[in-house]
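Listed here are the chains, written in short residue letters.
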Amino acid sequence: MAKLIQINAVDNVAVALDDIKAGYTENGVTALEDIPKAHKISLCDLKAGDKVIKYGYPIGSVNADLPKGSYIHEHNLKTNLNDKFEYTFGGDTEYNPAPSDLTVNAYKRADGRVGIRNEIWVIPTVGCANKTAEMLAKLGNEIVGRGCDGVFAFTHPFGCSQLGEDMENTQKILAGLIHHPNAGGVLVVSLGCENNNLSVFKPVLGDVDEKRVKFLCTQDVEDELVEGERLIADIYNEIMDDVREPVGIDNLVVGYKCGGSDAFSGITANPLCGRINERLTAAGASTILTEVPEMFGAEQILMDRAQSRGVYDKTVAMINGFKQYFFDHNVVCYENPSPGNHAGGITTLEEKSLGCIQKGGKSTVTDVLGYGDICTKKGLNLLSGPGNDIVSVTNLTAAGAHIILFTTGRGTPLGAPVPTIKLATNTALAQKKNNWIDFNAGELIDGGDFESVIDSLMALLIETANGKLTKNEENGYREISIFKDGVIM
């Protein structure tokens, strides 16, 4: 069995599929050093300053003369990225989705969207109400039965002592969660004296179905648990008769995330997600790609797929705006800071980014969303936000994602408020952490047929939309976190 894989025909490095000892020879390349699994080996002689090519694009330059068979990693490979980069618009990209006969069974909501779960969510407006929200969710699960998939509280430390954009971000994310169609009903729990009190938050939230969205100000009632339990019972009585109906797959919104990546992420799980992305967007579904810092070094590829000049300009603004966020904090924006990534064979940020954006496949970029915005366009949407796992999955959920495809090479139990399908990039992880992993993309380097693996993942996606629980749901792993940039009073 081959132990090296050259991803693109123009690449001058290969990736080790297993640990390789010095002296191992394959296809005319002899390893001069031990090469750890998932790390890189040079396929030709390289001179100092030569670019290293992986995925068909440069991932950095070597800092010394290196003979063929050298181990390439952070000791001899440095990023080519810097503070400034010029982008070019290559012209409009067509997006012409075709009707599909694929359907999912979902709950039709009054606003025209669909939900793939019929849950009750308890959302605190402020961290001071967190424990109350958790206690009410526990009481709610003793009330609900048929027709409801459970009551869940999503706690956070914000909503008070925040200023300016931080408060706006908190409000936008909470509003996105309250409006999410996977929630058949929502109980909003306020303390009463917080900055984000109900009189301030309700105008941001906008119109809601008052039979399904209830509000509790805990300082205004004698016993907040008794009153909250009553409101949850009212919500349950409203949603208990909701039923699933067949709807076209074009109603789905699917988010994409990678966390705890390794060098196999860009070889197995991420390209696999990219092919699913292409199938979904071709059928008129919406998909969302976020983690802006993990686009640095690969952003021009996304810009080249912009549907219009307007979408291209919004993409440039998103990238440059996020770079400015780094500059404002006197932090470089072109380093790969994750120890887990380095241990997993990813050396530079552009190497990480080129693997990361493969989750978008070759889909046309149809819109660019600000942090906390809700997805409304069909096709591939880019969502502004950091790469932090919990912040990203929360951002994707608030944007309207019904399901998140989450790829990982190192492993993580993290789950979003919505079903989070965890894809292992390698079989060893899938076997070791079976309690975390929903799908083994490592089959692709174990000899699995690519089209068959795509079909299997597509089938799992549809089964999940139809009600099959993901591992994060089975384990109760559901967390949120909100992006914070400013001061706290």
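Calculation criteria
- Residues numbered from 1 in each chain as written.
- Predicted model: local features only at pLDDT ≥ 70, side-chain atom pairs only at ≥ 80, totals over all residues.
- Heavy atoms only, no water.
- Helix = DSSP H or I, 4+ residues; strand = E, 2+ residues; numbered from the N terminus.
- Buried < 20%, exposed > 50% of the residue type's maximum accessible area, 1.4 Å probe, protein only.
- Lys, Arg positive; Asp, Glu negative; His and termini not counted.
- Salt bridge = Lys/Arg side-chain N within 4 Å of Asp/Glu carboxyl O.
- Contact = heavy atoms within 4.5 Å.
- Phe/Tyr/Trp six-rings, centres within 6.5 Å; stacked < 30°, edge-to-face > 60°.
- Lys NZ or Arg CZ within 6 Å of the ring centre and 35° of its normal.
- Core = buried A, V, L, I, M, F, W, Y, C linked by side-chain atoms within 4.5 Å.
- Expected span 1.5 Å × (residues − 1).
- Arc of directions from axis to C-beta.
- Polar contact = N/O pair within 3.5 Å; in protein donor to acceptor, adjacent residues only side chain to side chain.
- Patch = residues over 30% accessible without salt bridge, like charges linked within 9 Å, V, L, I, M, F, W, Y side chains within 5 Å.
- Areas by Shrake-Rupley, 256 points an atom, 1.4 Å probe, with all protein chains shown as cover.
- Charge placed at Lys NZ, Arg CZ, Asp CG, Glu CD.
- Pairing = 2+ DSSP bridges.
- Axes fitted to C-alpha atoms, helices over the stretch in contact; angles between N-to-C directions.

Chemist: I keep staring at the side chain of E26 and nothing clicks. Help me out?
Modeler: Secondary-structure assignment places E26 in strand β3 (residues 25-26). No salt bridge is formed by the buried E26, whose closest oppositely charged neighbour, K3, lies at an N-O distance of 7.6 Å. If we skip the residues at most four places from it in the chain, E26 touches A2, K3 and L4.

Chemist: Explanation requested: the packing of aromatic side chains in the structure shown.
Modeler: Given two aromatic rings, one states the distance between the centres and the angle between the planes to describe the pair. Considering all chains together, one arrives at 9 aromatic pairs under this definition. Among the aromatic side chains, those forming a connected cluster through ring pairs are F296, F322, Y325, F326, Y371 and F483. Here the guanidinium or amino end of K433 rests over the ring plane of W436, the centre of that ring lying 4.1 Å away.

Chemist: Quick question: what am I supposed to make of the nonpolar core here?
Modeler: A general tendency of soluble globular proteins is for nonpolar side chains to be buried together. Counting 103 residues, the largest nonpolar core has L272, I276, L280, F296, L405, L423 and L461 as its most contacted members. Considering each element in turn, this core owes the most residues, 8 residues, to helix α12 (residues 450-465). In this view, L280 contacts I249, V254, Y256, A285, T287, M458 and L461; residues no more than four positions away in its chain are not counted. In terms of nonpolar packing, the next biggest core, distinct from the first, is built from 20 residues, L136, L187, I232 and M240 among them.

Chemist: Sorry, what's going on with the environment of V311 here?
Modeler: Structurally, the position occupied by V311 is in helix α7 (residues 309-328). The exposure class assigned to V311 is buried, which follows from its relative accessible area of 7%. Taking C-alpha positions, V311 is 6.6 Å from T366, a pair spaced 55 residues apart along the chain. Not counting residues up to four positions away in its chain, the partners in contact with V311 are A306, V365, T366, D367 and V368.

Chemist: Can you walk me through helix α4 (residues 224-239) in this structure?
Modeler: Helical periodicity: at 3.6 residues per turn, an α-helix aligns residues three or four positions apart in one direction. For α4, which comprises 16 residues, the first-to-last C-alpha distance of 22 Å matches the rise-based estimate of 22 Å (1.5 Å per residue) to within 8%. Every buried residue of α4 is accounted for by G228, L231, I232, I235, Y236 and I239. Across the axial projection of α4, the buried residues extend over an arc of 145°, all falling on one side. For α4, the elements touching its buried residues are β12 (119-124), α1 (130-143), β14 (183-190) and β15 (213-217). At the N-terminal end of α4, a side-chain oxygen is found 3.0 Å from the backbone nitrogen of L225, two or three residues along, and the residue is D223.

Chemist: Explanation requested: a negative patch on the surface in the structure shown.
Modeler: A cluster of like negative charges, contributed by D18, D19, E33 and D34, occupies part of the molecular surface. Among the secondary structure elements, D19 is positioned in the loop between β2 (13-16) and β3. Judged by its relative accessible area of 49%, D19 falls in the partly exposed class.

Chemist: Quick question: what am I supposed to make of the sheet that holds strand β9 (residues 77-78) here?
Modeler: Two pairing modes exist for strands in a sheet, parallel and antiparallel, and in both the strands are linked by backbone hydrogen bonds. Here we have 3 strands laid out as an open sheet, ordered β6-β7-β9, and antiparallel in their pairing. Of all strands in the sheet, those bounded by a partner on one side alone are β6 (51-54) and β9. Strands β6 and β7 (57-62) of the sheet are contacted by helix α9 (residues 349-356), whose axis makes an angle of about 165° with β7.

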